[in-house]
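Examining the three-dimensional arrangement
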Amino acid sequence: MQRSISLILKGEFVAAFFMYPAIYSLIALFSYLLLHLKFQFKNGHRIIFGLFLLNISIIVISFIIKTFLTN
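The rules behind the values
- Residues numbered from 1 in each chain as written.
- Predicted model: local features only at pLDDT ≥ 70, side-chain atom pairs only at ≥ 80, totals over all residues.
- Heavy atoms only, no water.
- Helix = DSSP H or I, 4+ residues; strand = E, 2+ residues; numbered from the N terminus.
- Rg over C-alpha atoms; globule rule 2.2 N^0.38 Å.
- Axes fitted to C-alpha atoms, helices over the stretch in contact; angles between N-to-C directions.
- Parallel < 35°, antiparallel > 145°, perpendicular 65-115°, else oblique.
- Contact = heavy atoms within 4.5 Å.
- Nonpolar A, V, L, I, M, F, W, Y, C, P; charged D, E, K, R; others polar.
- Expected span 1.5 Å × (residues − 1).
- Buried < 20%, exposed > 50% of the residue type's maximum accessible area, 1.4 Å probe, protein only.
- Core = buried A, V, L, I, M, F, W, Y, C linked by side-chain atoms within 4.5 Å.

Turning next to the overall build of the protein chain. A tally of regular secondary structure across the protein chain gives four helices and zero strands. Taken from N to C terminus, the helices and strands of the protein chain fall in the order α-α-α-α. In terms of overall dimensions, the protein chain is more spread out than a globule: its C-alpha atoms have a radius of gyration of 14 Å, far above the 11 Å expected for 71 residues. In terms of principal-axis extent, the alpha carbons of the protein chain reach across some 45 × 30 × 15 Å.

Below you can see the structure in the form of structure tokens.
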């Protein structure tokens, strides 16, 4: 994940995605989490839970693909 963040800071967005596919959804999750802590959105907890599930799914699927489906 650190290498992916480093690639984003260098402007290599596609390479960052291929390094760690969940990077952009994690950035969205943490950004929304910080905003929710500041502004207390009405249904913010449901959106945060959905983003958590999305991130877990992306991480597990990318792990399976990288482990079992690549040469």
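From this point, things continue past the structure.
What follows deals with the packing of helix α1 (residues 2-10) against helix α3 (residues 23-39). Here α1 crosses α3 at 85 degrees, and the two axes come no closer than 11 Å. In terms of their interaxial angle, α1 and α3 are classed as roughly perpendicular. Across the interface between the two elements, S4, I5 and I8 of α1 pack against I23, Y24 and I27 of α3. Of the residues in the contact of α1 with α3, the class split is five nonpolar, one polar and no charged.

Taking 1.5 Å per residue as the helical rise, helix α4 (residues 44-68) with its 25 residues ought to reach 36 Å, and the 36 Å between its terminal C-alpha atoms agrees with that figure. Every buried residue of α4 is listed here: G44, I48, L51, N55 and S62.

Moving on to the nonpolar core. Of all hydrophobic cores here, the largest spans six residues; its members are A22, L26, L29, Y32, I48 and L51. Within the residue set of this core, elements represented by two or more residues are α3 and α4. Of the residues forming this core, the biggest block, three residues, is contributed by α3. When residues no more than four places from it in sequence are discounted, the contact partners of L51 are A28, L29 and Y32.

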